[in-house]
Amino acid sequence: MSEHEVTTYDGCVHALKQPDLRQSLYDAAALMMSDVLVNLHGKEHRARRLVEGTIFRKDVFLHYEKNFLPRTLDETIRPFLEAGRGDLVDIGYRVMMNLTVDFAGIDRPERSHEETGELLRLLKEFSLAPALGQSLEDDVEPKKARIRKAMAEFDERFLLPSRRRREALLADVEAGKSSKEDLPDDVLMALILGQEKLQMTDEQFLQEGIFYMLAGAHTTIHSLAHAMHELFEWLDAHPEDKTLLKDDPFFIQRCVFESLRLHPSSPVAKRRALCPVTLAEGDEVPQGDEVVVNMRQANRNPELFGVDPESYNPHREVSGGKTPYGLSMGYGMHACIGRNLAIGVEPRPNSTPEGHQYGTVPLIVESLLRYGVQRDPDGTPKKDETITRITWSEYPVVFKPEEALI
């Protein structure tokens, strides 16, 4: 079996749309991801996505941005503000973790700094799974054992109590003791409501809960850290744009889009051919071969993104009707279901600040700037040298509210 790489923008779009190419990026992580949304195919994928899609609505997102996000940010960032410093990666993980589990429907009874730390510990164990395919043969089984242990602990302490509470709430509705409008707007509740159609097993509930925790927190912190770094760098080189942080309500979101174009959380997608497939450029892919969709390279196409596509420029003009963040949120059946929740929608000529959906990452960036976040002059950011994807492992920052740019 061979690999076939696709690097052109249109070629990537074509490959991501093919129904005979099955998701294969996470095949090595089957013990934790075999039955999650991103791995399902065909009818099973459509059914699960339709049920979960009932939560991924604009009104839910706006309610989440205006009500849940401010509370979670305040709870999570307060200890770092009191200390006057912190690590951007740690802060980002904690913020995104709490936001993600709230939206996924994983209850946090204590809503404390320590409880978040426990969820982060489990997240780090779960994050071993997607990289199992790149692990050395002699360390795979110990890692699998750690993952299974963390899965059992997460189920007992967090997921199962959350599921039982929602099932009790639904029973009250069915008994006429309460209204359906009183049920939580979260993914877990949607799955319980759709259980007659989906017939999910306990293991599938567990895998899906972990998937949302992993996808929402682990991948989004990658985007947040890069967005802050690129913005710090840009403002140092273009101090005149500091006024746009206050004067242009959509500038921060455009900054996030541009950073995301350069730094997709998954630089490539992988698909396995279920039958012979012809790619956009005419290449024939035999059944069983894998197609590597290089979204990072496609996002740097000079015909679409200008003569300097390798550089960061939040004022970039994009041609061809393409999104300013390129293919970083995927395309086709496996396009990120939480895209609008994470990065919002593109501003239009008639967009108003009051009704616009900004997304959690741009709003977190804005909040950090309001808190006066700055790079720590005595610290040194470090990149993660243990993986091939470029991401930050440490990013020391300080908080100086009196010098806030917003």
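Refer to the structure presented above.
Remember, it's a predicted structure, so these values are computed and weren't measured experimentally.

> Where do I start with the overall build of the protein chain in this structure?
Looking only at helices and strands, one finds 16 helices and 11 strands in the protein chain. Against the compact-globule benchmark of 22 Å for 406 residues, the protein chain has a radius of gyration of 21 Å, which places it among compact chains. On the principal axes, the C-alpha backbone points of the protein chain span a range of 60 × 55 × 50 Å. Looking at the protein chain as a whole, 51% of its 406 residues are labelled buried.

> Is there a simple way to think about the environment of Leu 368 in this case?
Examined against the element boundaries, Leu 368 turns out to sit in helix 16 (residues 360-370). With 256 residues separating them along the chain, Leu 368 and Ser 112 place their C-alpha atoms 20 Å apart. For Leu 368, the residues in contact, after removing those within four places along its chain, are Ile 77, Leu 88, Met 228, Val 373 and Phe 399.

> Which parts of the structure should I look at to understand the sheet that holds strand 11 (residues 396-399)?
Hydrogen bonding along the main chain pairs the strands of a sheet, whether they run parallel or antiparallel. Read across the open sheet, the 3 strands follow the order 3-11-8; overall the sheet is antiparallel. For this open sheet the edge positions go to strand 3 (85-87) and strand 8 (373-375), each flanked by a neighbour on one side alone. Neighbour-to-neighbour, the strand axes of this sheet turn through a mean angle of 35 degrees, independent of strand direction. Strand contacts of helix 5 (residues 88-104): strand 3 and strand 11, with the helix running at about 80 degrees to strand 3, the strand carrying the most contacts.

> Explain the environment of Gly 321 to me, please; I cannot follow it from the model alone.
Along the chain, Gly 321 turns up in the loop between helix 14 (302-305) and helix 15 (339-343). It is 12 Å that separates the C-alpha atoms of Gly 321 and Tyr 9, two residues lying 312 residues apart in sequence.

> For this particular structure, what's the right way to read the pairing of strand 11?
Looking down a regular strand, the side chains alternate between one sheet face and the other. Side chains Pro 396 and Val 398 of strand 11 all project onto a buried face; the interleaved residues Val 397 and Phe 399 project onto the opposite face, where all are buried too. Of the strand pairs in this sheet, strand 3 and strand 11 are connected by 3 bridges, and their pairing is antiparallel. Among the inter-strand pairings, Arg 85 is bridged to a residue of strand 11, identified as Val 398. Pairing analysis gives 3 bridges linking strand 8 to strand 11, with the strands arranged antiparallel. Bridging from a neighbouring strand, Gln 374 pairs with Val 398 of strand 11.

> Explain the sheet that holds strand 4 (residues 268-273) to me, please; I cannot follow it from the model alone.
Reading across the sheet, the 4 strands line up as 1-7-4-2 and stay open at both edges, with mixed pairing between neighbours. Since the sheet does not close on itself, it has two edges, and those belong to strand 1 (3-6) and strand 2 (21-23), each with one partner. Pairs of neighbouring strands in the sheet enclose a mean axial angle of 35 degrees, with direction left out of account. One ladder, built from 5 bridges, connects strand 4 with strand 7 (residues 290-294); its direction is antiparallel. Paired with Arg 272 across the bridge in strand 7 is Glu 290. Here helix 1 (residues 9-17) sits on the sheet and contacts strand 1, strand 2, strand 4 and strand 7; the angle it forms with strand 7, its principal contact strand, is near 135 degrees.

> What's the story with helix 5 in this structure? I'm lost.
Along an α-helix, residues three or four apart share an orientation, since each turn contains 3.6 residues. Taking 1.5 Å per residue as the helical rise, helix 5 with its 17 residues ought to reach 24 Å, and the 23 Å between its terminal C-alpha atoms agrees with that figure. Burial analysis of helix 5 places 16 of its 17 residues in the buried class, which makes it a mostly covered element. For helix 5, the side-chain oxygen to backbone nitrogen distance between the N-cap and Val 89 is 2.9 Å, and the N-cap itself is Asp 87. With its phi angle positive at about 100 degrees, Gly 105 sits one or two positions after the end of helix 5.

> Please explain the nonpolar core as it appears in this structure.
In a soluble, globular protein the nonpolar side chains are often hidden away together inside. Ranked by internal contacts, the top residues of the largest apolar core, which has 101 residues, are Met 32, Phe 126, Phe 154 and Val 365. For this core, the element with the highest residue contribution is helix 10 (residues 202-237), accounting for 17 residues. If near-sequence neighbours (up to four positions away) are discounted, Met 32 is found in contact with Phe 126, Ala 129, Ile 147, Met 151, Gln 207, Ile 210 and Leu 214.

> Got a minute to help me understand helix 10 in this structure?
With 36 residues, helix 10 should reach 52 Å at 1.5 Å per residue; the first-to-last C-alpha distance of 53 Å fits that figure. Helix geometry: helix 10 is bent most strongly at Thr 220, by close to 25 degrees. In terms of burial, helix 10 is a largely internal element, 28 of the 36 residues being buried.

> When you look at the packing of aromatic side chains in this model, what are you seeing that I'm missing?
Given two aromatic rings, one states the distance between the centres and the angle between the planes to describe the pair. Under the definition given, this model contains 15 aromatic pairs. Ring geometry for Phe 56 against Phe 61: centres 5.9 Å apart, planes inclined by 80 degrees, an arrangement best described as edge-to-face. In this structure Phe 56 comes out as buried when scored by relative accessible area, which is 15%. Ring geometry for Phe 126 against Phe 154: centres 5.7 Å apart, planes inclined by 85 degrees, an arrangement best described as edge-to-face. With Phe 126 in helix 6 (residues 113-126) and Phe 154 in helix 7 (residues 137-174), this pair connects stretches of sequence that are 28 residues apart. Its relative accessible area of 0% is what places Phe 126 among the buried residues. Look at Phe 154 and you get buried, because its relative accessible area is 0%.

> Sorry, what's going on with the pattern of salt bridges here?
Oppositely charged side chains may form a pair once their charged atoms are brought near each other. Tallied over the full model, the rule gives 32 salt bridges. Across the salt bridge formed by Asp 107 and Arg 165, the nearest N and O atoms sit 2.8 Å from each other. Of this pair, Asp 107 sits in the loop between helix 5 and helix 6 while Arg 165 sits in helix 7, and the two are 58 residues apart along the sequence. On the accessibility criterion, Asp 107 (19% relative accessible area) is buried. Note that Asp 107 and Arg 166 form a salt bridge whose closest N and O atoms lie 2.9 Å from each other. Residue Asp 107 is located in the loop between helix 5 and helix 6, and its partner Arg 166 is located in helix 7; the two are separated by 59 residues in the primary sequence. Judged by relative accessible area, which is 2%, Arg 166 ranks as buried. If you follow the salt bridges from partner to partner, you end up with Arg 71, Glu 75, Asp 102, Arg 108 and Arg 111 in one network.

Cut-off values and rules
- Residues numbered from 1 in each chain as written.
- Predicted model: local features only at pLDDT ≥ 70, side-chain atom pairs only at ≥ 80, totals over all residues.
- Heavy atoms only, no water.
- Helix = DSSP H or I, 4+ residues; strand = E, 2+ residues; numbered from the N terminus.
- Rg over C-alpha atoms; globule rule 2.2 N^0.38 Å.
- Buried < 20%, exposed > 50% of the residue type's maximum accessible area, 1.4 Å probe, protein only.
- Contact = heavy atoms within 4.5 Å.
- Pairing = 2+ DSSP bridges.
- Axes fitted to C-alpha atoms, helices over the stretch in contact; angles between N-to-C directions.
- Expected span 1.5 Å × (residues − 1).
- Polar contact = N/O pair within 3.5 Å; in protein donor to acceptor, adjacent residues only side chain to side chain.
- Core = buried A, V, L, I, M, F, W, Y, C linked by side-chain atoms within 4.5 Å.
- Bend = angle between axes of the 7 residues up to and from the residue.
- Phe/Tyr/Trp six-rings, centres within 6.5 Å; stacked < 30°, edge-to-face > 60°.
- Salt bridge = Lys/Arg side-chain N within 4 Å of Asp/Glu carboxyl O.

Treat this as a map of the structure, not an account of what it does.
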